[in-house]
Amino acid sequence: MYICMCFGITDSAIRHAVEEKGVGNLRELREHLNVGSQCGKCIQMAQQIIDSTIIDE
Ligand code: FES
């Protein structure tokens, strides 16, 4: 499922960044994938995916 339409980022790409690249917050996610750095509509959903992925680890 696409989370960030501006950059074509999926939920699995976000999970992968958290699990494999050590991303732990939105700032780090933006540095890796640009998520949220254009229109910002994806920020809330991206945060939820970061949180749920960290909890699952
Ligand atoms: Fe992510 Fe626009 S949908 S910055």
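In the block above lies the structure referred to throughout.
Residues numbered from 1 in each chain as written. Predicted model: local features only at pLDDT ≥ 70, side-chain atom pairs only at ≥ 80, totals over all residues. Heavy atoms only, no water.

## Considering helix α1 (residues 11-21)
Item 1. Burial in α1 covers these residues: Asp-11, Ile-14, Ala-17 and Val-18. When α1 is viewed along its axis, its buried side chains cluster within an angular range of 125° and face the same direction. Turned more than 90 degrees away from the buried face of α1, the exposed residues are Glu-20 and Lys-21.
Item 2. Elements that come into contact with the buried residues of α1 comprise β1 (2-4), β2 (9-10), α2 (26-33) and α3 (43-56).
Item 3. Of the residues trailing α1, Gly-22 is marked for its positive phi of about 75°. (Buried < 20%, exposed > 50% of the residue type's maximum accessible area, 1.4 Å probe, protein only. Helix = DSSP H or I, 4+ residues; strand = E, 2+ residues; numbered from the N terminus. Arc of directions from axis to C-beta. Contact = heavy atoms within 4.5 Å.)

## Some words on the nonpolar core
Item 1. Among the nonpolar cores identified, the biggest contains 14 residues, and Ile-14, Leu-29, Val-35, Ala-46 and Ile-50 are the most heavily contacted of them.
Item 2. Of all the secondary structure elements, the ones that give two or more residues to this core are β1, α1, α2 and α3.
Item 3. Setting aside anything within four residues of it in sequence, one finds Leu-29 in contact with Ile-14, Ala-17, Val-23, Asn-34, Val-35, Ala-46 and Ile-50. (Core = buried A, V, L, I, M, F, W, Y, C linked by side-chain atoms within 4.5 Å.)

## Comments concerning the packing of α1 against α2
Item 1. Between α1 and α2, the shortest axis-to-axis distance is 11 Å and the interhelical angle comes to 105°. Here α1 is positioned roughly perpendicular relative to α2, judged by the angle of their axes. Residue-level contacts link Ala-13, Ile-14, Ala-17 and Lys-21 of α1 to Leu-29, His-32 and Leu-33 of α2.
Item 2. Within the contact of α1 with α2, the residues separate by chemical class into 5 nonpolar, 1 polar and 1 charged. (Axes fitted to C-alpha atoms, helices over the stretch in contact; angles between N-to-C directions. Parallel < 35°, antiparallel > 145°, perpendicular 65-115°, else oblique. Nonpolar A, V, L, I, M, F, W, Y, C, P; charged D, E, K, R; others polar.)

## Some details on the pattern of salt bridges
Item 1. If you walk through the whole model with that rule in mind, you get 2 salt bridges.
Item 2. Among the ionic pairs, Glu-31 bridges to Arg-27, the shortest N-O distance being 3.0 Å. Highlighted residues: Glu-31 and Arg-27, both in helix α2, separated by 4 residues, approximately one helical turn. (Salt bridge = Lys/Arg side-chain N within 4 Å of Asp/Glu carboxyl O.)

Bear in mind that shape data such as this cannot, by itself, settle questions of function.
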